[in-house]
Structure formats: structure tokens, C-alpha cells
Amino acid sequence: MRSLESRTVPEIAPVAAGRPPEAAPVAELKLVIGSESEETVVTLAGGLTMATACLLGRVLTELVDQGHRFLVLDVSALDSCDGAGWTLLLGIRWRLATVSGRLRLAGLPPRLMRSCRQMELAEVFELDGLAAQPVG
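In this text, all values refer to a predicted model and were calculated from it rather than measured experimentally.

Visitor: For this particular structure, what's the right way to read helix α1 (residues 50-65)?
Guide: In this model, α1 (16 residues) spans 23 Å end to end at C-alpha, consistent with the 22 Å of a helix rising 1.5 Å per residue. Taken together, the buried positions of α1 are occupied by Thr52, Ala53, Leu55, Leu56, Gly57, Val59, Leu60, Leu63 and Val64.

Have a look at this one:
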């Protein structure tokens, strides 16, 4: 592995009028970036949500700008992915396609695979591992 990077993004707690803000749980997305042959592997852990998608978008965009054309996202430790997360992944996939690159999702957990299929994205993303098989 060439480099390792870990970042955490705190979630912004909503403020209710007339009451002091309550402590909100911290949303985290941890990233580890490494290279194996032609592929750059980005391991994600935590939640890919509106609060964390911006950070991941910046990191993935920097990688593409630096010439990384074959990205593998190891999402086996991803707890959740909301609409902002899926939109980000679609955007990065499109950006890589414009430079003859590709994005592969590895180890998509069954719950997220069901979401991916419900949104008809399973045919859009390059998937691998056991999660790419039909979920019973």
C-alpha cells in the first residue's frame, strides 16, 4: 500500500428553537487508501451519508485528478448509504468513465445490496464478491 489515510466527519446537530441543542451521535466515515497494481483500493467503514459524502467526494476526486483510473471501494464495513451517498458514487463512476476508468464496489453488505437493487443501480455499478450474487 502506497499511502494510508483516515478521516472522520462529524455530523452537524440540528438546533431546536427555544431549547438548547441536544448531543447528536457523531456520523463517521473512515477511509483507508492503498494501491495494488493498477487499482487503487479505498476501504470505507461507517456511514456514507449527506454528512460524509462531501469528504469522500473530495478524496475520490483528488484520486481521479492524480491519475488513478481504476478505483475499488471496499464497502464491506459500510453501515449505511443514503441518497447523497449513492449520488456521489454515481458521479464518481461517471467521472471515471469520462477518462476511460472504472469504479468497482467490493463486498456490498446484503442490506445495501437490496437498496442498490431497489434503486436499479446493481446493473450500473461493477460489483464483486459474495454480495453480487442474488440475495435470498
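Read on for the rest.
Visitor: Can you help me understand the confidence of the model for the protein chain in this one?
Guide: Interpreting fine coordinate detail is not advised for predicted regions of low pLDDT. Here the protein chain averages 78 in pLDDT, while 72% of its residues score no lower than 70. Looking at the elements of the protein chain, mean pLDDT is at its lowest for strand β1 (residues 29-36), recorded as 70, and at its highest for helix α2 (residues 83-98), recorded as 95. For the stretch residues 7-26, pLDDT sits under 50, and the model shows 22 contacts to residues farther than four places along the chain or on other chains. Confidence over residues 130-136 falls short of pLDDT 50; this stretch has 13 contacts with residues more than four positions distant or in other chains.

Visitor: What am I meant to see in unusual backbone geometry here?
Guide: A negative phi angle is the norm for most residues apart from glycine, just as the trans form is the norm for most peptide bonds. Positioned with a positive phi, Ser100 is a non-glycine residue whose angle comes to about 60 degrees. Examined against the element boundaries, Ser100 turns out to sit in the loop between α2 and β4 (102-106). Here the phi dihedral of Glu120 falls at roughly 60 degrees; this positive angle occurs in a residue that is not glycine. Note on placement: Glu120 falls in the loop between α3 (110-118) and β5 (126-128). The exposed category is assigned to Glu120, whose relative accessible area is 60%.

Visitor: What am I meant to see in the pairing of strand β3 (residues 70-81) here?
Guide: The side chains of a regular strand alternate between both faces of the sheet. Looking at chain direction, strand β2 (residues 39-48) and β3 are connected through nine bridges and run parallel. In the sheet register, Val42 faces β3, and the bridge partner there is Leu73. In the classification by handedness, the crossover that spans β2, the intervening α1 and the parallel β3 is right-handed. In this structure, β3 lies alongside β4, joined through five bridges in parallel fashion. In the strand pairing of β4, Val72 is matched with Arg104. What joins β3 to β4 is α2, and the crossover it makes is right-handed.

Visitor: What is the right way to read the state of the cysteines from this model?
Guide: A covalent bond between the sulfur atoms of two cysteines is what we call a disulfide. With the rule as written, the count across this model stands at zero disulfides. Cys81 forms no disulfide, and the closest cysteine sulfur to it belongs to Cys116, at a distance of 8.8 Å. The buried category is assigned to Cys116, whose relative accessible area is 0%.

Visitor: For this particular structure, what's the right way to read the pattern of salt bridges?
Guide: Any two side chains of opposite charge can pair, given that their charged atoms come close. Applying the stated criterion across every chain, the model contains four salt bridges. Salt-bridge contacts for Arg102 lead to Glu39; the nearest nitrogen and oxygen are separated by 2.9 Å. Within this pair, whereas Arg102 is found in strand β4, its partner Glu39 is found in strand β2, the two being separated by 63 residues in sequence. Taking relative accessible area as the criterion, Arg102 reaches 31% and is therefore assigned partly exposed. Where Asp65 meets Arg95, a salt bridge forms, and the shortest distance between an N and an O atom there is 2.4 Å.

Visitor: Is there a simple way to think about the nonpolar core in this case?
Guide: Taken as a class, soluble globular proteins show a tendency for nonpolar side chains to be buried jointly. Counting 32 residues, the largest nonpolar core has Leu48, Leu73, Trp86 and Phe125 as the members making the most contacts within it. Counting residues per element, this core draws most heavily on α1, which supplies seven residues.

Conventions and cut-offs
Residues numbered from 1 in each chain as written. Predicted model: local features only at pLDDT ≥ 70, side-chain atom pairs only at ≥ 80, totals over all residues. Heavy atoms only, no water. Helix = DSSP H or I, 4+ residues; strand = E, 2+ residues; numbered from the N terminus. Expected span 1.5 Å × (residues − 1). Buried < 20%, exposed > 50% of the residue type's maximum accessible area, 1.4 Å probe, protein only. pLDDT = per-residue confidence, 0-100. Contact = heavy atoms within 4.5 Å. Pairing = 2+ DSSP bridges. Right-handed = clockwise from strand over helix to strand, strands pointing away. Disulfide = S-S within 2.5 Å. Salt bridge = Lys/Arg side-chain N within 4 Å of Asp/Glu carboxyl O. Core = buried A, V, L, I, M, F, W, Y, C linked by side-chain atoms within 4.5 Å.

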